[in-house]
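Spelled out, the chains give:
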Amino acid sequence: MADIYEFQLTLDLPGSLPPQDLALLRWHLGQEGGRQDDGYAYPLWGDRGPALRIGGALVGELCSDGPQWALTVRQEAHPDEFDDLRRMVLWLGARTTTEGTVGYLRFHESHVPDVLVAEAGVVRSAVLRVETVLGPVLIRDHVAGLRLRSQMTAPRS
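K.L.:
Help me understand the layout of surface pockets in this model?
P.N.:
Any empty space left between the atoms is revealed when a probe the size of a water molecule rolls over them. A volume near 270 Å³ is recorded for the largest pocket. In terms of lining, the largest pocket is formed by Phe-7, Phe-82, Leu-85, Arg-86, Val-89, Leu-90, Leu-105, Asp-114, Leu-116, Val-123, Arg-124 and Ser-125. When residues in the lining of the largest pocket are grouped by element, the largest group, five residues, is from helix H2 (residues 82-93). Here the residues of the lining of the largest pocket sort into eight nonpolar, one polar and three charged. Estimates place the volume of the second largest pocket at around 200 Å³. Lining the second largest pocket are 13 residues, with Asp-47, Glu-76, Ala-77, His-78 and Glu-81 sitting closest to its centre. Per-element accounting of the lining of the second largest pocket gives the leading share, three residues, to strand E4 (residues 68-77). Residues of the lining of the second largest pocket, tallied by class, amount to eight nonpolar, two polar and three charged.

K.L.:
I keep staring at the pairing of strand E1 (residues 5-14) and nothing clicks. Help me out?
P.N.:
Taken residue by residue, a regular strand's side chains alternate between the two faces of the sheet. Alignment of E1 against E4, held across 10 bridges, turns out to be antiparallel. Note that in E4 the partner of Thr-10 across the bridge is Thr-72. As judged from the five bridges shared by E1 and strand E5 (residues 100-107), these two strands associate in the antiparallel manner. Following the sheet pairing, Tyr-5 is matched in E5 by Phe-107.

K.L.:
Could you clarify how one ought to interpret H2 in this entry?
P.N.:
Counting along an α-helix, one turn takes 3.6 residues, and residues three or four places apart therefore face a common direction. With 12 residues, H2 extends 16 Å from end C-alpha to end C-alpha; this agrees with the ideal 16 Å at 1.5 Å per step. The complete set of buried residues in H2 reads Phe-82, Leu-85, Met-88, Val-89, Trp-91, Leu-92 and Gly-93.

Thresholds, definitions, all that
Residues numbered from 1 in each chain as written. Predicted model: local features only at pLDDT ≥ 70, side-chain atom pairs only at ≥ 80, totals over all residues. Heavy atoms only, no water. 1 Å grid on protein atoms, 1.4 Å probe; cavity = no way out; pocket = protein on both sides within 12 Å on 5 of 7 lines; lining within 4 Å. Points joined across faces, edges and corners; volume = space filled by probe spheres on them. Helix = DSSP H or I, 4+ residues; strand = E, 2+ residues; numbered from the N terminus. Nonpolar A, V, L, I, M, F, W, Y, C, P; charged D, E, K, R; others polar. Pairing = 2+ DSSP bridges. Expected span 1.5 Å × (residues − 1). Buried < 20%, exposed > 50% of the residue type's maximum accessible area, 1.4 Å probe, protein only.

Structure (structure tokens):
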């Protein structure tokens, strides 16, 4: 089976984003008015329609409500694309007005994603690990050191 990952990104960008930045985003989204100028071989987020491995639909939208831009992306990604994907996410992280969780990357056979968090102009990956213990399910974010206990109990065998 192929090494396919689900990539999801949702963030806001300032309305004052320069035209060349908007053109690059539009090119990556396969939208009219886009222009490639940063050495990418092909648009990262231009696919639409049913996803082949991750289920659901592949999307990529950039919308403006006046004072800011809203970006939503859900695509299938292969590890060969990770360098370009990382470069684009870091580029967006330096421009986003969103703080906190902005997306995730999940291997298509996994239930637990790596969460993307934007803070102070940088996007970092928070690795989650899920453990099942007797009684409640324990979810631990080792990067942030947070613990959340679910009210749900583990399934009975």
